[in-house]
Amino acid sequence: MNYTIDWILIKKYKDILFFFWEGIAKIEINRPKCHNAFRVETVKEMIDAINICKDKKDIDVIIITGSGNKSFCSGGDQTTRGLGGYLGKDGIPRLNILDFYKKIREIPKPVIAMVNGFAVGGGHVLHVVCDLTIASDNAIFSQVGPKVGSFDGGFGCSYLARHIGQKKTREMWFLCKKYTAKEALKMGLINKVVSIEKLEKKTIKWCKIIQKRSPMSLRMIKRCLNAELDGQHGLMQLAGDATLMFYLMEESQEGKKAFLEKRDPNFKKFTKFL
């Protein structure tokens, strides 16, 4: 099916573009002159945008991408790197990209990385933490931390290893090699490869399929898959959504009604499932 995509600007930012169309949000890093590298302000804007995506009921799926057709994201802007982190306008060193990675994991909606070129360093980790990755055939994937005196020992290692295995993860980090989209697909790093001309339409097509699925089912699947790796935090989120589902049930409503009506609740009338 052909779509005429007419993106609407949700909110104006300096470093990113934030669009909406038919239940789909798109967060686009708009720093093509530095291969869509992120600085502290870029990450703050992306966090603000994804928080809006979480709160807006009319947003079902989120796409993360970069401007142009050469780079998805080249990681942290090394020109802003100081002692202890990346320097914002206030001069305080931060690694706030880690907060954005967590936001992607926490949001109860599917997040798709639309990789349009180089996904390098922190930009590579960015696509890894997304739920799905669709890449253009000119995409290049690489971890470069040890080349610039950096590393990501969190999702950039542990979650990456769950995708491609321990040996391949160590190869990516120790050698800092570049991998083509076809190689990335073969090793299980990404989900799909298409031509750069078809990249957005294919991503939108997947979004449209996802929009036909049960939102609560998708929410719980994401929570369950995350819980194994995210420790107590992941279990807390899974338990929180289990509580949400219970609150929607008549049995839970009976407890609230009984409290407000100052009577004992009648839980005996509800079926005990075996």
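Please refer to the structure placed before this passage.
Heads up: these notes are all about the structure in this document. Computed from a predicted structure; not experimentally measured.

Okay, the overall build of the chain next. The helix and strand inventory of the chain stands at ten helices and 14 strands. The globule rule puts the C-alpha radius of gyration for 274 residues at 19 Å, and the 21 Å found for the chain is close to it. Seen through its principal axes, the chain has C-alpha atoms that stretch 65 × 45 × 40 Å. Considering only contacts within the chain whose residues lie at least 6 apart along the sequence, 65% involve residues at least 24 apart. Accessible surface for the chain amounts to roughly 15000 Å². Of this, 58% is attributable to carbon and sulfur atoms. Separation of charge centres in the chain, based on 46 positive and 29 negative side chains, amounts to 3 Å.

Among the six residues that make up strand β2 (residues 16-21), five are buried, leaving the element largely enclosed by the rest of the structure. With two bridges joining them, strand β1 (residues 8-9) and β2 adopt antiparallel strand pairing. Across the sheet, Ile8 pairs through a bridge with Phe20, a residue of β2. In this antiparallel pair of consecutive strands, β1 and β2, the connection spans six residues. As paired elements, β2 and strand β3 (residues 24-29) share six bridges and run antiparallel to each other.

With respect to the helices and strands, Arg105 occurs in helix α2 (residues 97-106). Setting aside its immediate chain neighbours within four residues, Arg105 contacts Val129, Phe155, Tyr159, Lys222, Arg223, Asn226, Leu229 and Asp230.

Where α2 is concerned, the buried positions are Ile97, Phe100, Tyr101, Ile104 and Arg105. The arc that holds the buried residues of α2, viewed along the axis, is 145°, so those residues lie on one side. Close packing links the buried residues of α2 with α1 (40-55), β4 (61-66), β9 (111-115), α3 (122-129), α4 (158-164) and α8 (215-227).

Parameters and conventions
Residues numbered from 1 in each chain as written. Predicted model: local features only at pLDDT ≥ 70, side-chain atom pairs only at ≥ 80, totals over all residues. Heavy atoms only, no water. Helix = DSSP H or I, 4+ residues; strand = E, 2+ residues; numbered from the N terminus. Rg over C-alpha atoms; globule rule 2.2 N^0.38 Å. Contact = heavy atoms within 4.5 Å. Areas by Shrake-Rupley, 256 points an atom, 1.4 Å probe, with all protein chains shown as cover. Lys, Arg positive; Asp, Glu negative; His and termini not counted. Charge placed at Lys NZ, Arg CZ, Asp CG, Glu CD. Buried < 20%, exposed > 50% of the residue type's maximum accessible area, 1.4 Å probe, protein only. Pairing = 2+ DSSP bridges. Arc of directions from axis to C-beta.

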